[in-house]
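The primary structure of each chain is shown beneath.
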Amino acid sequence: MATWFQGLGAIDPAPFFVLSLLPYLAFLWWARQVRAFPRLALRGFQLTLLFVAVTIVAAVVAQQVYGRQLADVDPLHGGAEAFLTLSNLVVLLGFRLLPSEPPAAGSADTQVNKS
């Protein structure tokens, strides 16, 4: 069993990270098509991609400048995580500001935007 875990630890996670972006981009495309999806929440989910980009840049800077992992350089790590906090807040506000009554079934708000 220990050998299995060691083998698992030797796998490069980079391809999995890239592959994980595909369903997320599909989700963003779908959310953009649905009129009932809150626009502010959609912006928050899009900001999550900014968080990913900032985190990658911060990780490279941490490695190149400090010779450490991002998690070990608190100012860079905290700055990158601030973008995640911002995106989460925008998602929360987007859903929180929805009307308390859901749209009636078949109404224009529940239709998929064909444009």
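Being a predicted model, the structure only gives us computed values, none of them experimental.

## Points about the confidence of the model for the protein
The predicted coordinates of low-pLDDT regions are not to be read in fine detail. Counting all residues, the mean pLDDT for the protein is 87, and 86% of those residues have values of 70 or more. The element-level mean pLDDT for the protein is lowest in helix 1 (residues 2–9), coming to 78, with helix 4 (residues 74–96) highest at 96.

## Thoughts on the side chain of Ser87
Here Ser87 is to be found in helix 4. Those residues in contact with Ser87, other than ones at most four positions away along the chain, are Gly44, Leu47 and Thr48.

## What to know about the pattern of salt bridges
Pairing between side chains of opposite charge can happen when their charged atoms approach one another. One pass over the structure, following the stated rule, counts one salt bridge. Asp72 is the partner of Arg68 in a salt bridge, and the nearest nitrogen-oxygen pair spans 4.0 Å. Under the relative-accessibility criterion, Arg68 is labelled partly exposed at 44%. Residue classification places Asp72 among the partly exposed residues on the basis of a relative accessible area of 46%.

Cut-offs applied
Residues numbered from 1 in each chain as written. Predicted model: local features only at pLDDT ≥ 70, side-chain atom pairs only at ≥ 80, totals over all residues. Heavy atoms only, no water. pLDDT = per-residue confidence, 0-100. Helix = DSSP H or I, 4+ residues; strand = E, 2+ residues; numbered from the N terminus. Contact = heavy atoms within 4.5 Å. Salt bridge = Lys/Arg side-chain N within 4 Å of Asp/Glu carboxyl O. Buried < 20%, exposed > 50% of the residue type's maximum accessible area, 1.4 Å probe, protein only.

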